[in-house]
Amino acid sequence: MKPSLTPVVAGLALAAITASSAASAETVLRASHQFPGGQGDVRDEMVQMMADEVEAANVDMKIQVYPGQSLFKAKEQWGALVRGRLDMTSLPLDYASGRHPEFSATLMPGLVRNHERAQRLNDSEFMGMIKDVIQEGGARVLADAWLAGGFASDMRCITSPDTVDGQTMRAAGPAFDEMLATAGASITSMPSSEIYTAMQTGVLDGANTSSGSFVSYRIYEQVSCLTAPGENALWFMYEPILISEQSWEGLTEEQQQALTEAGQKAEEFFAQEAAALDQKMVDVFEENGVEVVQMSSEDYQAWLEIAKESSYKTFAENVPNGQALIDAALAVE
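Residues numbered from 1 in each chain as written. Predicted model: local features only at pLDDT ≥ 70, side-chain atom pairs only at ≥ 80, totals over all residues. Heavy atoms only, no water.

### Section: the layout of surface pockets
How we decide: Cavity: a set of points on a 1 Å grid over the protein atoms alone where a 1.4 Å probe fits but cannot get out. Pocket: an open set with protein on both sides within 12 Å along at least five of seven lines, its lining residues, like those of a cavity, having an atom within 4 Å of a point. Grid points are joined across faces, edges and corners, and a volume is the space filled by probe spheres set on the points. The helix count covers DSSP runs of H or I at least four residues long, the strand count covers runs of E at least two residues long, and both are numbered beginning at the N terminus. Ten residues, namely Ala, Val, Leu, Ile, Met, Phe, Trp, Tyr, Cys and Pro, are considered nonpolar, four, namely Asp, Glu, Lys and Arg, are considered charged, and the remaining ones, Gly among them, are considered polar.
By volume, the largest pocket is sized at about 190 Å³. Around the largest pocket sit 16 residues that line it, and H115, P229, G230, E231 and D278 are the ones nearest its centre. Within the residue set of the lining of the largest pocket, elements represented by two or more residues are helix 4 (115–122) and helix 10 (253–287). The element best represented in the lining of the largest pocket is helix 10, accounting for four residues. Classifying every residue of the lining of the largest pocket by side-chain character gives seven nonpolar, five polar and four charged.

Written as structure tokens, this is what we have:
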């Protein structure tokens, strides 16, 4: 006959079982993004901030962050998210425009122009239409983020449209692809994480991407000239933090509230950092001997005319509600 447990041993065993059950009940959300982790990229910092806030909320939930494409490749994240294979992501939304062409409106040349306008867009009819498509696709926005960006080249400075003629360029989405091609550039598509190697090996002469990516991916090591955003930023991209609708529906109300509050804090943090990202980029490129220029108002208007006759026109003709999306964005003062 086996000896019975003493009260003390029985109590310890029960406590261990209870602790194990509590640990197993904790919800773990996997968050993936393509950006370098722990190196000052504000998009990584937004996700890490949300992880810290959620843990501090004490709602039996934590966020496990997988930076640098360590869980999913950049352009695999939307598909993984909406199929329930991934819980959260920080995503350049235009990367998913192959599935939802409306998303190309969030990387439309000249549609934003500066950070103040980007903040006004967040609460506009335009963004309401975009977020409806996001939710219909199987995800929802936890935090808004608009990053300015520019151009960089090892052939010549990119200012007026004629300066891209003959250059092989990387653009982040179909709207910029079409505009640059119309101006005489050859286009090679790839995520921003591949720009460095493509320029190093001569596949690219130049590229456009966000200020954060230009620094995080050390593009300054491969170029001779940077076109910074300034007051005439042709390039702005929407890069929200998203959660899978399947994952969201599986959370308790307390967990949903904790995520919502964490997302709001991350969004406020980003809004304070957004303009500083542009100056940081300029400083880093200048420190590394890269010439830095800006587009003039005349350059910007020249590009906008090309965009209206190419990417704007194509978007309006081929995308559901395409013209309505453009009109809604342009209506924001």
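And the narrative resumes.
### Details of empty space enclosed by the protein
Tallying each qualifying case throughout the model produces three cavities of 30 Å³ or more. The volume enclosed by the largest cavity comes to roughly 60 Å³. What lines the largest cavity is simply G149, G150, F151, T227, A228, P229, N232, A233, L234, W235 and M295. Mapped by element, the contributors of at least two residues to the lining of the largest cavity are strand 5 (146–153) and strand 9 (225–228). Ranked by residues supplied to the lining of the largest cavity, first place goes to strand 5 with three residues. Residues of the lining of the largest cavity, tallied by class, amount to seven nonpolar, four polar and no charged. The volume enclosed by the second largest cavity comes to roughly 40 Å³. What lines the second largest cavity is a set of 14 residues, among which Y95, S192, T209, M237 and E239 lie closest to the centre.

### Considerations on helix 4
Selection criterion: Only protein chains enter the accessibility calculation, which uses a 1.4 Å probe. A residue is then buried if its area is under 20% of the maximum for its type, exposed if over 50%, and partly exposed in between. The arc under discussion is defined with respect to the helix axis, by the directions toward the C-beta atoms. Working rule for contacts: check all heavy atoms of both residues, and any pair within 4.5 Å makes them a contact. N or O atoms within 3.5 Å of each other form a polar contact, as long as, within protein, one can give a hydrogen and the other can take it, and as long as residues adjacent in sequence are counted only when both atoms are side-chain atoms.
Here helix 4 has its buried residues at H115, R117, A118, L121 and N122. Taken around the axis of helix 4, the buried residues stretch over an arc of 155 degrees, which confines them to a single face. Each element contacted by the buried residues of helix 4 is listed here: helix 5 (125–137), strand 5, strand 10 (235–238), helix 10 and helix 13 (322–330). By the N-cap criterion, in which a side-chain oxygen at the helix start approaches the backbone nitrogen of a residue two or three places on, helix 4 is capped by N114, the distance to E116 being 3.3 Å.

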